[in-house]
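Here are the chains, one letter per residue:
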Amino acid sequence: MVEAFSGDETAPFFGFLGAAAALVFSCMGAAYGTAKSGVGVASMGVMRPELVMKSIVPVVMAGVLGIYGLIIAVIISTGINPKAKSYYLFDGYAHLSSGLACGLSGLAAGMAIGIVGDAGVRANAQQPKLFVGMILILIFAEALALYGLIVGIILSSRAGQSRSD
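Residues numbered from 1 in each chain as written. Predicted model: local features only at pLDDT ≥ 70, side-chain atom pairs only at ≥ 80, totals over all residues. Heavy atoms only, no water.

## Some details on the UniProt feature "domain: V-ATPase proteolipid subunit C-like" (unreviewed entry) in the chain
Note the cut-off: UniProt positions are given in the numbering used here, feature names are shortened, and annotations may be inferred rather than shown by experiment. Helical segments are the DSSP runs of H or I of at least four residues, strand segments are the runs of E of at least two, and each set is numbered from the N terminus.
With numbering aligned to this structure, UniProt lists the feature "domain: V-ATPase proteolipid subunit C-like" (unreviewed entry) at residues 17–76 and 97–155. Here residues 17–76 is 85% helix and 0% strand, with 10 Å between the C-alpha atoms at its ends. As a span, residues 97–155 carries 93% helix and 0% strand, and end to end its C-alpha atoms are 7 Å apart.

## Considerations on the pattern of salt bridges
For clarity, the cut-off: Only one rule defines a salt bridge in this text: a Lys or Arg side-chain nitrogen within 4 Å of an Asp or Glu carboxyl oxygen. Categorising residues by exposure relies on relative accessible area from a 1.4 Å probe, with only protein chains included: less than 20% of the type maximum marks a residue as buried, more than 50% marks it as exposed, and the intermediate range marks it as partly exposed.
This model, assessed by the stated rule, comprises 3 salt bridges. A salt bridge links Asp118 to Lys36; the shortest N-O distance between them is 3.5 Å. Of this pair, Asp118 sits in helix H3 (residues 89–126) while Lys36 sits in helix H1 (residues 11–47), placing them 82 residues apart in sequence. Judged by relative accessible area, Lys36 falls into the partly exposed class, the value being 28%. Here Arg48 ties to Glu50 by a salt bridge, and the two come within 2.7 Å at their closest N and O atoms. The class of Glu50 is exposed, set by a relative accessible area of 52%.

## Things to note about the nonpolar core
Stated precisely, the cut-off is as follows: Here the nonpolar core consists of buried residues drawn from Ala, Val, Leu, Ile, Met, Phe, Trp, Tyr and Cys, with membership extended through side-chain atoms lying within 4.5 Å. A contact between two residues is defined here by any heavy atoms of the two lying within 4.5 Å.
If you look at the biggest cluster of nonpolar residues, it comprises 25 residues, and the most contacted ones within it are Leu65, Tyr68, Ile72, Ile113, Met134 and Leu138. Of all the secondary-structure elements, those providing two or more residues to this core are H1, helix H2 (57–78), H3 and helix H4 (131–158). In this structure, Leu138 is in contact with Val57, Pro58, Met61, Ile113, Val116 and Gly117, ignoring residues within four places of it in sequence.

## Notes on a nonpolar patch on the surface
This is how it is decided: Put simply, a patch holds well-exposed residues, over 30% relative accessible area, that have no salt bridge, with like charges counted together within 9 Å and Val, Leu, Ile, Met, Phe, Trp or Tyr side chains within 5 Å. Shrake-Rupley sampling with a 1.4 Å probe provides the accessible areas, and residues are treated as covered by the protein chains on show and by no other component.
There is a patch of nonpolar side chains on the surface, built from Leu144, Leu146, Tyr147, Ile150 and Ile154 and spanning about 470 Å² of accessible area. Mapped onto the elements of the fold, Leu144 is located in helix H4. Classification of Leu144 as partly exposed rests on a relative accessible area of 40%.

## Considerations on the packing of H1 against H2
Let me state the cut-off plainly: Here the axes come from fitting lines to C-alpha atoms, over the contacting stretch only for helices, and the angles between their N-to-C directions go from 0 to 180 degrees. The cut-offs work like this: below 35 degrees is roughly parallel, past 145 is roughly antiparallel, 65 to 115 is roughly perpendicular, and the gaps in between are oblique. Polarity classes work like this: nonpolar for Ala, Val, Leu, Ile, Met, Phe, Trp, Tyr, Cys and Pro, charged for Asp, Glu, Lys and Arg, and polar for all others, with Gly in that last group.
Running from amino to carboxyl end, H1 crosses H2 at an angle of 175°, the nearest separation of the two axes being 8 Å. Relative to H2, the element H1 lies roughly antiparallel. Residue composition of the contact of H1 with H2, grouped by class: 13 nonpolar, 11 polar and no charged.

## Observations regarding the UniProt feature "transmembrane region" (unreviewed entry) in the chain
Here the UniProt-annotated "transmembrane region" (unreviewed entry) positions come out as residues 12–35, 56–76, 96–118 and 130–155. Helix makes up 96% of residues 130–155 and strand 0%. Its end C-alpha atoms lie 38 Å apart.

## Observations regarding the packing of aromatic side chains
Keep this limit in mind: Paired rings are identified among Phe, Tyr and Trp, the last through its six-membered ring, by centres lying within 6.5 Å, and are further divided according to the angle between planes into stacked (under 30 degrees), edge-to-face (over 60) and tilted (the rest).
Evaluation of the coordinates by the stated rule reveals 2 aromatic pairs. Ring centres of Phe13 and Phe14 lie 5.3 Å apart, and the angle between their planes is 75°; on these two criteria the pair is classed as edge-to-face. Here Phe13 falls in the exposed class, since its relative accessible area comes to 53%. Clustering of aromatic rings is evident, with ring pairs tying together Phe13, Phe14 and Tyr93.

## Concerning the packing of H1 against H3
For any two helices packed against each other, one specifies the crossing angle of their axes together with the interaxial distance. Interaxial distance between H1 and H3 falls to 7 Å at its minimum, and their mutual angle equals 0°. In terms of axis orientation, H1 runs roughly parallel to H3. By residue class, the composition of the contact of H1 with H3 is 23 nonpolar, 16 polar and 3 charged.

What follows is the structure, given as structure tokens:
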């Protein structure tokens, strides 16, 4: 006997799309933040090479954004196993929203870190008193991605709660 199409057959597509979105968008933010702040470090390093290691902070903070996306992508992908447990559209949408929340907040944070990092390390080379202010701004920019990670974990944990099997 052939089962009727319920729509839930496409649910894993949305789950995997969420995992991909988390990783891709977070890595795009990490790449942009690393590249933009790296240009500032290189430009500043020509005149003040002794400050290069101190100015690597934005590059490291941007790199962490990719890890956030990786965490969510692993959480989502391990939650998709239609053979072991039914996977409904609710679950797919929960995983998609989880991935988008983490990925897009990582992209936004990467853009902020890149712009602040570029201008901040150049300004720090001219006025060392600006270093603490730059670090504070970078911390608040990184917090945006952390908020997305937290919301992504909460949304991902909602998958599997749509129906009792």
